[in-house]
Structures are given as structure tokens and as C-alpha cells.
Amino acid sequence: MKNLRNKRFGMSFLLLQVMFWGVTGSAAQTSNRSAILTAGMQNPELYSFIHDGRFNRVENNLRLKMAFENYVTAFSASCGEELSKDRVEITKYVANYRTQTTFLPWGKGLPMPITTQVLESEGYVGTGIYAEPEFARVYSGLTAGYLLEGLKKAKVRTVNGLFEAVVTGVGDMIVIALETNSDMNVLLSTNGCRGEATKTFSANLLRFFQGRQSLQASNGEKSYFEKECIGKLSKLFPNSKPSVACPCIYREMSVALPAKYLFALEDNFDLHDFRYFLVNAVYRSGLHGKVSSCVRAK
């Protein structure tokens with residue numbers, strides 16, 4: 001019985017190895033490559049995840065918010081002719097103040113100047129940046145949001161009776177802003193304003209911030225895992241039914257393995273130093289038996 005269990009485990013783990021590392025045990029070199037060109041970008045992986053609709057790999061953080069703003073800005077500047085007739089100009093709030101000085105008597109009749117700022121006018125003005133209405137709405141909300149996020153990092157302390165503003169995180173914000181600005185310009189210059197990769201990236205970027213499914217998911221496309229699994233499983237086990245087995249395997253792995261292991265496998269990372277731990281994780285979770293059941297499913 002023990003030998004039988006070991007044999008089943010060996011076959012199941014062999015399946016996992018073949019699926020994710022290839023028959024030779026090395027990481028696959030051609031799988032899971034995004035169709036979007038990312039050479040020259042500071043954070044290519046992030047933009048590949050967005051393009052490919054792998055929203056589970058993307059964090060809604062300051063970098064992505066700035067990437068959205070810089071994408072809209074770059075598209076308006078470089079690809080404005082591709083915008084529809086419904087495009088709108090993005091506006092920003094501006095307040096104009098006038099400096100007013102009042103002299104008050106002080107001491108031996110010497111006047112002391114008191115300077116104040118008086119609001120003269122306020123309102124919204126155009127920025128010269130144009131976008132589709134949906135992008136403009138998200139843009140305005142995100143800009144206000146991350147500016148507030150930056151202000152929350154500001155700390156004020158008293159030094160020798162004077163207030164000194166110590167703003168933390170501003171340097172990081174500047175770096176992120178510069179990197180995302182560069183990345184979005186590279187994206188448009190290498191993939192083109194009309195390129196399919198740009199269109200897909202644009203649609204998914206908007207969908208992510210709207211809380212919607214990716215373009216791929218809404219069109220019923222198979223996930224990266226399923227595509228990889230189906231191709232290899234059909235060759236390894238010709239009598240299996242990959243369309244049934246692969247969703248089953250992914251479901252079982254999602255439940256049994258921590259997300260970071262699942263993501264690493266999905267990406268076909270070379271895990272020479274990680275395999276022993278992974279084998280134990282698979283074995284202890286009982287995943288080997290469940291994977292075998294998935295492969296035998298009809």
C-alpha cells in the first residue's frame with residue numbers, strides 16, 4: 001500500500017514538474033510570454049500582468065495609480081488623434097490668492113507688518129490633457145486619491161519653537177512618477193498608438209480601476225495556467241481530458257498551496273533552491289492524490 005501511494009505521488013509530482021519546469025527539469029523558456037513589448041521599461045512585469053488580464057497579480061498601489069495618470073497624459077500627447085469625438089479635457093482645481101499686508105502698531109508706536117493671503121478667485125481650468133470620458137473620470141479620482149495618500153505621509157514636528165515640515169515619502173513619489181512617465185511613453189512608442197497590445201493594455205488598465213473583469217476573462221479566454229496545462233497535459237497523457245483536468249488542477253492547487261508558490265509555478269520560475277520545500281508542501285497538503293484524480297477525470 002505504501003509503495004502504491006509513493007508511486008501515485010511520484011507520478012503526480014512528475015506531472016507538476018513536466019507542466020511547470022519541462023521534462024528536463026529546467027524552467028520553460030518560451031511559455032507565458034506577454035504579447036506586449038516591454039523592453040526599456042522600469043517595471044515590465046507589472047504592465048505585462050495588466051495587458052494579460054492577470055489582475056490577481058496586480059496590487060492597486062501608488063505606482064499603478066501614477067501609471068494610469070501617466071498613460072492618459074502620454075496617450076493624449078502622442079496619440080491624441082486616436083481619441084474619439086467624445087473626448088473631454090481633463091481639468092484641475094486652481095485657487096488664486098492675493099497677498100495682503102496690514103501694519104499694526106507695536107511697541108513704541110512702530111508698525112508691525114502682518115501678511116495674509118486673500119482668496120481672489122477659484123475654479124477648474126483645463127490641463128490640455130484629453131481622454132475618453134471613462135478615463136477622465138478615473139483619472140480625476142485617482143489623482144485626488146494619491147495626492148491625499150502622499151499628504152498622509154507628511155509629519156510636522158517642533159524644533160526650537162519653530163515648525164519644521166518633514167515630508168516623508170515624497171522622494172519615493174517623485175521617483176515613481178518619473179519611472180511611470182518613462183514607462184508609459186516607452187509603451188506607446190514601442191507598441192504603437194493603434195497596436196493591438198496597446199488597445200488591450202488600455203482596456204485592461206481601465207477595467208482594473210473600475211473593478212471589472214479583465215478583457216480576457218469577459219471574453220471567456222482560458223487563464224495562463226490553463227493554456228500552459230492543456231498543451232503539456234495532452235502530450236504527457238494522451239487519454240486525459242485537459243479541458244476538464246486543468247481547471248480541476250488549478251482549483252486544487254489554489255486551495256492547497258500558498259499564493260506565492262502558485263504564482264511562482266505559474267510563472268515557470270527556475271526554482272532549484274525551492275523545489276525540496278515545494279515537494280514537501282505538495283505532499284503534505286495531499287495535493288498529489290487530488291492532481292491524480294483531476295487527470296483521471298473525464
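Quick caveat: nothing in here was measured; it's all calculated off a predicted structure.

What counts and what doesn't
- Residues numbered from 1 in each chain as written.
- Predicted model: local features only at pLDDT ≥ 70, side-chain atom pairs only at ≥ 80, totals over all residues.
- Heavy atoms only, no water.
- Phe/Tyr/Trp six-rings, centres within 6.5 Å; stacked < 30°, edge-to-face > 60°.
- Helix = DSSP H or I, 4+ residues; strand = E, 2+ residues; numbered from the N terminus.
- Buried < 20%, exposed > 50% of the residue type's maximum accessible area, 1.4 Å probe, protein only.
- Disulfide = S-S within 2.5 Å.
- Salt bridge = Lys/Arg side-chain N within 4 Å of Asp/Glu carboxyl O.
- Contact = heavy atoms within 4.5 Å.
- pLDDT = per-residue confidence, 0-100.
- Expected span 1.5 Å × (residues − 1).
- Core = buried A, V, L, I, M, F, W, Y, C linked by side-chain atoms within 4.5 Å.

Visitor: What exactly am I supposed to notice about the packing of aromatic side chains here?
Guide: Overall, the coordinates contain 9 aromatic pairs when judged by the stated rule. Each ring, one from Phe-68 and one from Phe-135, has its centre 5.7 Å from the other, and the planes form 20°; the classification is stacked. Of this pair, Phe-68 sits in helix H3 (residues 62–79) while Phe-135 sits in helix H4 (residues 133–152), and the two are 67 residues apart along the sequence. There is no split in this pair, since Phe-68 and Phe-135 are both buried. Centre to centre, the rings of Tyr-71 and Phe-75 are 5.8 Å apart; their planes meet at 40°, and the pair counts as tilted. With a gap of 4 residues between them, Tyr-71 and Phe-75 both fall in helix H3, about one helical turn apart. Per residue, the accessibility class of Tyr-71 equals that of Phe-75, and both read buried. Among the aromatic residues, those joined into a cluster by ring pairs are Tyr-47, Phe-55, Phe-68, Tyr-71, Phe-75, Phe-135, Phe-201, Phe-208 and Phe-209.

Visitor: Can you help me understand the state of the cysteines in this one?
Guide: Disulfides are covalent bonds that link the sulfur atoms of two cysteine residues. Summed over the entire model, instances satisfying the criterion amount to 2 disulfides. Residue pairing for Cys-79: its cysteine sulfur links by disulfide to Cys-193, the two sulfurs lying 1.9 Å apart. Taking the torsion about the S-S bond as the criterion, the Cys-79 to Cys-193 disulfide, at about -70°, is left-handed. Here Cys-193 lies in the loop between helix H5 (170–191) and helix H6 (196–210) and Cys-79 lies in helix H3, a separation of 114 residues in the sequence. The disulfide partner of Cys-248 is Cys-294, and the S-S distance across this bridge is 1.9 Å. Handedness of the Cys-248-Cys-294 disulfide follows from its S-S torsion of about -60°: it is left-handed. In this pair, Cys-248 is assigned in helix H9 (residues 242–256) and Cys-294 in helix H12 (residues 287–296), connecting sequence segments 46 residues apart. Using a relative accessible area of 14% as the deciding quantity, one classes Cys-248 as buried. For Cys-294, a relative accessible area of 1% corresponds to the buried category.

Visitor: Could you clarify how one ought to interpret the pattern of salt bridges in this entry?
Guide: When the charged atoms of two side chains with opposite charge come close together, those side chains can pair. This structure, assessed with the given rule, holds 5 salt bridges. Note that Glu-179 and Arg-63 form a salt bridge whose closest N and O atoms lie 2.9 Å from each other. Within this pair, whereas Glu-179 is found in helix H5, its partner Arg-63 is found in helix H3, the two being separated by 116 residues in sequence. When its relative accessible area of 19% is taken as the criterion, Arg-63 is described as buried. In this structure, the salt-bridge partner of Arg-98 is Glu-120, at a minimum N-O distance of 2.8 Å. Taken as a pair, Arg-98 in strand S1 (residues 88–106) and Glu-120 in strand S2 (residues 110–131) lie far apart in primary sequence, 22 residues in all.

Visitor: How should the environment of Glu-228 be read in this particular structure?
Guide: As for its position among the elements, Glu-228 is in helix H8 (residues 224–236). C-alpha separation for the pair Glu-228 and Cys-246, spaced 18 residues apart in sequence, amounts to 9.1 Å.

Visitor: Explanation requested: the environment of Asn-43 in the structure shown.
Guide: Position of Asn-43 relative to the elements: it lies in the loop between helix H1 (2–20) and helix H2 (44–52). Its relative accessible area of 21% is what places Asn-43 among the partly exposed residues. With residues up to four places along the chain from it excluded, the contact list for Asn-43 reads Arg-63, Glu-179 and Asp-183.

Visitor: So what exactly am I meant to see when it comes to the side chain of Gln-216 here?
Guide: Among the structural elements, Gln-216 can be located in helix H7 (residues 215–218). Using a relative accessible area of 13% as the deciding quantity, one classes Gln-216 as buried.

Visitor: Looking at this structure, how should I read the confidence of the model for the chain?
Guide: Should the pLDDT be low somewhere, the predicted coordinates at that spot are not to be read in detail. Across the chain, the average pLDDT comes to 76, with 69% of residues at 70 or higher. Summarising per-element confidence for the chain, the mean pLDDT is lowest in strand S4 (residues 162–167) (43) and highest in H6 (96). Residue range residues 4–9 is modelled with pLDDT below 50. Its contacts to residues more than four positions away, or to other chains, number 5 contacts. This stretch, residues 151–168, has a pLDDT under 50; its non-local contacts, to residues over four places away or in other chains, come to 15 contacts.

Visitor: In this structure, what is going on with H3? I would like to understand it.
Guide: Each α-helix turn comprises 3.6 residues. Residues three or four places apart therefore point the same way. The end-to-end C-alpha separation of H3 is 25 Å, in line with the 26 Å expected for 18 residues at 1.5 Å each. Here H3 lies mainly inside the structure; 15 of its 18 residues are buried.

Visitor: Help me understand the environment of Gln-216 in this model?
Guide: When the C-alpha positions of Gln-216 and Asn-204 are compared, they lie 8.7 Å apart, and in sequence the two are 12 residues distant. If near-sequence neighbours (up to four positions away) are discounted, Gln-216 is found in contact with His-51, Asp-52, Gly-53, Thr-200, Asn-204 and Glu-221.

Visitor: In this structure, what is going on with the nonpolar core? I would like to understand it.
Guide: A general trend in soluble globular proteins is that nonpolar side chains are found buried together. By size, the foremost hydrophobic cluster in this structure holds 35 residues, and its most contacted members are Phe-68, Tyr-71 and Phe-201. If one sorts the elements of this core by residue count, H3 sits on top with 8 residues. Discounting residues that sit within four places of it in the chain, Phe-201 has contacts with Ile-36, Tyr-47, Ile-50, His-51, Tyr-71, Met-184 and Leu-187. Counting residues in each nonpolar core, the second largest holds 14 residues, with Cys-246, Ile-249, Leu-287 and Cys-294 among its members.

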